[in-house]
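Residue strings, one per chain:
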Amino acid sequence: MLLPSVLLLVFPLVLSANVPAAVPALNRCGAKATPETLRAAQILPQQFAANPAARAELHGSKEIEVWFHVFHKDATLAGGWVNDSIIHKQVEVLSKAYKPARFSFRLGGITRTLNERWWKGPTDEAMDRELRMATRRGSYKTLNVFVMDLSDTGGTLGYATFPSAIGWINAATREIDGVVIQTRTMPGAGGLTGYNLGQTLTHEVGHWLGIFHTFQGGCPYPGDMVADTPAEAYPAFDCQVPRNTCAEPAGTPARLDPINNFMDYGYDYCMTEFTDGQVERMKMAWVVLRDPDAGSRKGVDIVVVDAVDVVEVVEVVEVAWCEL
């Protein structure tokens, strides 16, 4: 199935009429496929096929630099202060999940910002842009993770930007690129039973690398635009028993829903895999769209401006390697 490339803060989850009545109050993900994102996903294979350099790089190992930006209201864990140990554990979880795809993650640094308004989470796009512009580091291939309470966003656990198609990238898009996660989804941060093992970031990085929810578009073709991801009518919450929500054409073997896929909505300990097709699409998005050394992205960088209302910013410059 296929996925889009721009972010939306509040994701009104639209489910089919036969969705189960018991749906958790938590919103696993606030990333939403827009028409632009879907179009970018549709044309990605053609862009890849037309790029000999990208084709040559597809199957090599990919290292991604990661910056964490922690927003807090005080120096306690309950107040959003995330120590280095928790961040290292989160990078280890990410590295383990993406190892089969040959992506590794290197911690570039950490910023910590004492700002209660930002710690609660953005209430509109202007505020979201403000806090990102104040802290973001690196180029379009640098993964920026913004960590906050998100108490003002209706229970959302995270959301992400999708990679834009070649020719659509601009300064405004670059300034807000990255992933937002709720503090308590990180391993060792406490709370959020079922969602506190670090797989929210795994899920959101999947969007950042260009893949959609497994239930994108429901049962009709093309779904999430990945051929080996079984069609799924609606998200699988908790840890559900095997199910099949999309009837197959007559004479076609049934394909069970991908309830253990990182791009579904299950509990963290139920999310264990990407399909080969998802891995290939993420690699294509990386070599065609995210790597600034390729094509029109060469030399692109992000300018970081001074923050407004920031009382304290502490930058950790040590580099930690977290390859498993």
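Residues numbered from 1 in each chain as written. Predicted model: local features only at pLDDT ≥ 70, side-chain atom pairs only at ≥ 80, totals over all residues. Heavy atoms only, no water.

A. Geometry of helix α3 (residues 84-98). Compared with the 21 Å implied by 1.5 Å per residue over 15 residues, the 21 Å span of α3 between its first and last C-alpha is a close match. Of all the positions in α3, only I86, I87, Q90, V91, V93, L94, S95, A97 and Y98 are classed as buried. For α3, the elements touching its buried residues are β1 (62-72), β2 (103-114), β3 (143-148), β5 (179-182), α7 (199-208) and α8 (276-290). The N-capping residue of α3, defined by a side-chain oxygen 3.1 Å from the backbone nitrogen of S85, is N83. (Helix = DSSP H or I, 4+ residues; strand = E, 2+ residues; numbered from the N terminus. Expected span 1.5 Å × (residues − 1). Buried < 20%, exposed > 50% of the residue type's maximum accessible area, 1.4 Å probe, protein only. Contact = heavy atoms within 4.5 Å. Polar contact = N/O pair within 3.5 Å; in protein donor to acceptor, adjacent residues only side chain to side chain.)

B. Focus on the environment of V226. Relative to the assigned elements, V226 resides in the loop between α7 and α8. The exposure class assigned to V226 is buried, which follows from its relative accessible area of 5%. Along the backbone, V226 and I211 are 15 residues apart, and their C-alpha atoms lie at a distance of 8.4 Å.

C. Molecular detail of the environment of P235. Relative to the elements of secondary structure, P235 occurs in the loop between α7 and α8. Taking C-alpha positions, P235 is 8.2 Å from I259, a pair spaced 24 residues apart along the chain.

D. Looking closely at the environment of L107. Its place among the elements puts L107 in strand β2. What makes L107 buried here is its relative accessible area of 2%.

E. Structural detail: unusual backbone geometry. Geometrically, the link from Y221 to P222 is a cis peptide bond, its omega value of 5° lying close to zero. For P222, the location among the structural elements is in the loop between α7 and α8. We note that R102 has phi near 65°; this positive angle belongs to a residue other than glycine. Note on placement: R102 falls in the loop between α3 and β2. Look at R102 and you get partly exposed, because its relative accessible area is 42%. Even without being a glycine, M225 presents a positive backbone phi close to 70°. Along the polypeptide, M225 turns up in the loop between α7 and α8. A relative accessible area of 13% means that M225 is categorised as buried.

F. Examining the packing of helix α1 (residues 35-49) against α8 more closely. Where α1 contacts α8, the two axes come as close as 10 Å, and the packing angle between them is 70°. Judged on the interaxial angle alone, α8 and α1 are roughly perpendicular. Our pair here, α1 against α8, has a crossing hand that is left-handed. Along its contact with α1, which presents A41, L44, P45, Q47 and F48, the element α8 presents R281, M284, A285, V287, V288 and L289. The class makeup of the residues in the contact of α1 with α8 is 9 nonpolar, 1 polar and 1 charged. (Axes fitted to C-alpha atoms, helices over the stretch in contact; angles between N-to-C directions. Parallel < 35°, antiparallel > 145°, perpendicular 65-115°, else oblique. Left-handed = near helix turned anticlockwise from the far one by under 90°. Nonpolar A, V, L, I, M, F, W, Y, C, P; charged D, E, K, R; others polar.)

G. Layout of the packing of aromatic side chains. Within the structure shown, the criterion is met by 12 aromatic pairs. Judged by centre distance (5.5 Å) and plane angle (70°), the ring pair of Y98 and F105 falls under edge-to-face. Since its relative accessible area comes to 0%, Y98 is described here as buried. Of the residues examined, F105 reaches a relative accessible area of 0% and is grouped as buried. Within the aromatic cluster, the residues linked to one another by ring pairs are Y98, F103, F105, W208, F262, F274 and W286. Directly above the aromatic system of W81 lies the positively charged group of R112, at a separation of 4.7 Å from the ring centroid. One Lys or Arg, R290, reaches over the ring of Y140 and ends 4.4 Å from the middle of that ring. (Phe/Tyr/Trp six-rings, centres within 6.5 Å; stacked < 30°, edge-to-face > 60°. Lys NZ or Arg CZ within 6 Å of the ring centre and 35° of its normal.)

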